[in-house]
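Structural description and commentary
What follows is each chain in one-letter form.
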Amino acid sequence: MLVGASFVTLAICPPDVCTGVGKPWGWWLDAFIAVSFLGVAGLISIQSPTNRLALAIGAAGIAKLVEMNLGALGDLGWWHLSRMVFVALVWHAALSFPTGEPKRIGWVLSVAWMAWALVGGLARLLWGDRATMLAGGPIDSVADAPPLGEFLVEIAPRMGDILIVVSLVVLIGRMVRGDRQTRRAMAPLLVIVPIVVLTVVDETLVDAGIVESGFLAASTWAEMATLAVPWGIVAGLARSQLWGGEVAELVAAAEAAGTPEEVERVAAETLGDPTARLGLVRPGTGTLVTVDGEPFPVPGAG
């Protein structure tokens, strides 16, 4: 239904409206991004109805549709507000992967992203200088803005960069500490890392005055990063399903193995863990032993 709504929106939305004010790309890129998020949300809801990740991704897709149509207002402030909300929802979806429920630090970051979007977006709407928005460089505040307004307009990009770095560290850490299935699922999603790094570097060069304006490059890199999220999630879920197939192959190979030593070897190869050991129950005592007959080492509490 959401994908159908997106196509209807694109059909009735004229290019001068769908093209957000001040953006260097056409409505077709916005359309593809919106349909990608909504399509992936629909796919996840079909494959796994209980996975709340579909809600997070669908919300980002709807936010993208709203952003596309705000060009009709002709005010860059509204577009910046909606854009920042969209970015916050995209990061919430990434932090929610793969179950749709972020961990504790993920929830903290999701709340921080939404606070950044609402506070920073409203600051740009109320006190942001439209001329600097249209120019594509760093955004200044209007001449009659209060000190708080000037501070919020100036600090918003820096806070966004900090949230990006922390969020990437959390995602990479979750992948490194996770089991093999988690690593396989999250690896495609981390394609956003080099794209985001290029975005931050480009914006830093602009702020430092090394280049005149990197709005075209930075904004396009940012769009590529957001587009990588839904497709990275699809690829990650597909790899996770393939891992499940390898486990099925492990069961079949174990049944065909002639000795416990062969079962242990096949398990270690399939899991990619050379330290994997097979535990056998000793008849009569019920205790676990290794394939060599030694007492099976009990895993630590951690």
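What comes next concerns the included structure. (Residues numbered from 1 in each chain as written. Predicted model: local features only at pLDDT ≥ 70, side-chain atom pairs only at ≥ 80, totals over all residues. Heavy atoms only, no water.)

Some remarks on the overall build of the protein chain
For the record, the criterion: By the criteria applied, helices consist of DSSP H or I runs no shorter than four residues and strands consist of E runs no shorter than two, each listed in order from the N terminus. Only protein chains enter the calculation, and the probe is 1.4 Å; a residue is then buried if its accessible area is under 20% of its type maximum, exposed if over 50%, and partly exposed in between. Pairs of residues are marked as contacts when any of their non-hydrogen atoms sit within 4.5 Å. Methods summary: accessible areas were calculated by the Shrake-Rupley approach with a probe of 1.4 Å, and residue burial reflects only the protein chains presented.
Along the backbone of the protein chain there are 12 helices and 2 strands. Reading the protein chain from its N end, one meets helices and strands in the order α-α-α-α-α-α-α-α-α-α-α-α-β-β. Among the 302 residues that make up the protein chain, the fraction classed as buried is 43%. For the protein chain, long-range pairs separated by at least 24 residues make up 64% of all intrachain contacts whose partners lie at least 6 apart in sequence. Accessible surface, the protein chain: about 15500 Å² in total, of which carbon and sulfur atoms supply 68%.

With respect to helix α8 (residues 147–177)
Since the α-helix advances by 3.6 residues per turn, residues separated by three or four positions end up pointing in the same direction. Keep this limit in mind: A helix is expected to span 1.5 Å multiplied by its residue count minus one. What is called the bend at a residue is the angle between a pair of axes, fitted to the seven residues leading up to and ending at it and to the seven starting from it.
Under the 1.5 Å per step criterion, the end-to-end length of α8 is 44 Å for 31 residues, consistent within 8% with the ideal 45 Å. The largest bend along α8 measures about 40 degrees and falls at Ile 155, with the proline Pro 157 one to four residues further on.

Observations concerning the packing of aromatic side chains
Applicable threshold: We call Phe, Tyr and Trp rings a pair once their centres come within 6.5 Å, taking the six-membered ring for Trp, and we label the pair stacked below 30 degrees between planes, edge-to-face above 60, and tilted otherwise.
The tally for this structure, following the rule as stated, stands at 4 aromatic pairs. Relative to Trp 113, the ring of Trp 91 has its centre 5.4 Å away and its plane inclined at 5 degrees; by these criteria the two rings are stacked. In this pair, Trp 91 sits in helix α5 (residues 76–96) while Trp 113 sits in helix α6 (residues 104–127), placing the two residues 22 residues apart along the sequence. The pair formed by Trp 91 and Trp 113 is uniform in burial state, with each residue classed as buried. Arranged with centres 5.2 Å apart and planes meeting at 90 degrees, the rings of Trp 113 and Trp 116 form a pair that is edge-to-face.

What about the pattern of salt bridges?
Rules: Any Lys or Arg side-chain nitrogen located within 4 Å of an Asp or Glu carboxyl oxygen qualifies as a salt bridge.
Within this structure, the stated rule accounts for 1 salt bridge. Across the pair Glu 154 and Arg 158 runs a salt bridge, and its minimum N-O distance is 3.9 Å. Here Arg 158 and Glu 154 lie together in helix α8, a separation of 4 residues that amounts to about one turn.

Some thoughts on a nonpolar patch on the surface
The following threshold applies: Only residues whose relative accessible area exceeds 30% and that form no salt bridge are eligible for patches; like-charged ones are grouped when within 9 Å, while nonpolar side chains (Val, Leu, Ile, Met, Phe, Trp, Tyr) are grouped when within 5 Å.
A cluster of nonpolar residues, Met 159, Ile 162 and Val 166, forms a patch on the protein surface that exposes about 230 Å² of accessible area. Mapped onto the secondary structure, Val 166 falls in helix α8. What makes Val 166 partly exposed here is its relative accessible area of 34%.

Quick notes on the packing of α5 against α6
Put simply, the rule reads: Note on definitions: angles span 0 to 180 degrees between N-to-C directions of axes, and those axes are lines fitted to C-alpha atoms, for helices only across the stretch in contact. The labels follow the angle: roughly parallel below 35 degrees, roughly antiparallel above 145, roughly perpendicular from 65 to 115, and oblique for the rest. Here the nonpolar group is Ala, Val, Leu, Ile, Met, Phe, Trp, Tyr, Cys and Pro; Asp, Glu, Lys and Arg are the charged ones; every other residue, Gly included, is treated as polar.
Direction vectors running N to C along α5 and α6 enclose 175 degrees, while the axes themselves pass 8 Å from each other. Taken together, the axes of α5 and α6 are roughly antiparallel relative to one another. Here the contact of α5 with α6 is composed, by residue class, of 18 nonpolar, 7 polar and 1 charged.

Here we look at the nonpolar core
Heads up, the rule is: Throughout, nonpolar core names a set of buried Ala, Val, Leu, Ile, Met, Phe, Trp, Tyr and Cys residues whose side chains join them through atoms within 4.5 Å.
Counting residues in hydrophobic clusters, the biggest one holds 46 residues, and the most contacted among them are Ile 57, Trp 91 and Trp 113. Examining the composition of this core, we find that 10 residues originate from one element, α5, more than from any other. Not counting the four nearest positions on each side in its chain, Trp 113 is found in contact with Val 87, Ala 88, Trp 91, Leu 95, Gly 160, Leu 163, Ile 164 and Ser 167.

Considerations on the environment of Val 234
With respect to the element layout, Val 234 can be found in helix α11 (residues 215–256). Owing to a relative accessible area of 23%, Val 234 belongs among the partly exposed residues under this scheme. Measuring from C-alpha to C-alpha, the distance between Val 234 and Ala 41 comes to 9.6 Å, with 193 residues separating the pair along the chain. With residues near it in sequence (within four places) discarded, Val 234 still touches Val 40 and Leu 43.

Things to note about the environment of Ala 60
Inspection of the secondary structure puts Ala 60 in helix α4 (residues 53–69). On the accessibility criterion, Ala 60 (0% relative accessible area) is buried. Each C-alpha atom, one on Ala 60 and one on Ala 88, is 8.5 Å from the other, the two residues being 28 residues apart in sequence. Apart from the residues lying within four places of it in its own chain, the contact partners of Ala 60 are Phe 37, Phe 86, Leu 89 and Val 90.

Remarks on the side chain of Thr 226
Mapped onto the elements of the fold, Thr 226 is located in helix α11. Residues within four places of Thr 226 in sequence aside, it is in contact with Ile 33, Phe 37, Phe 86 and Val 90.

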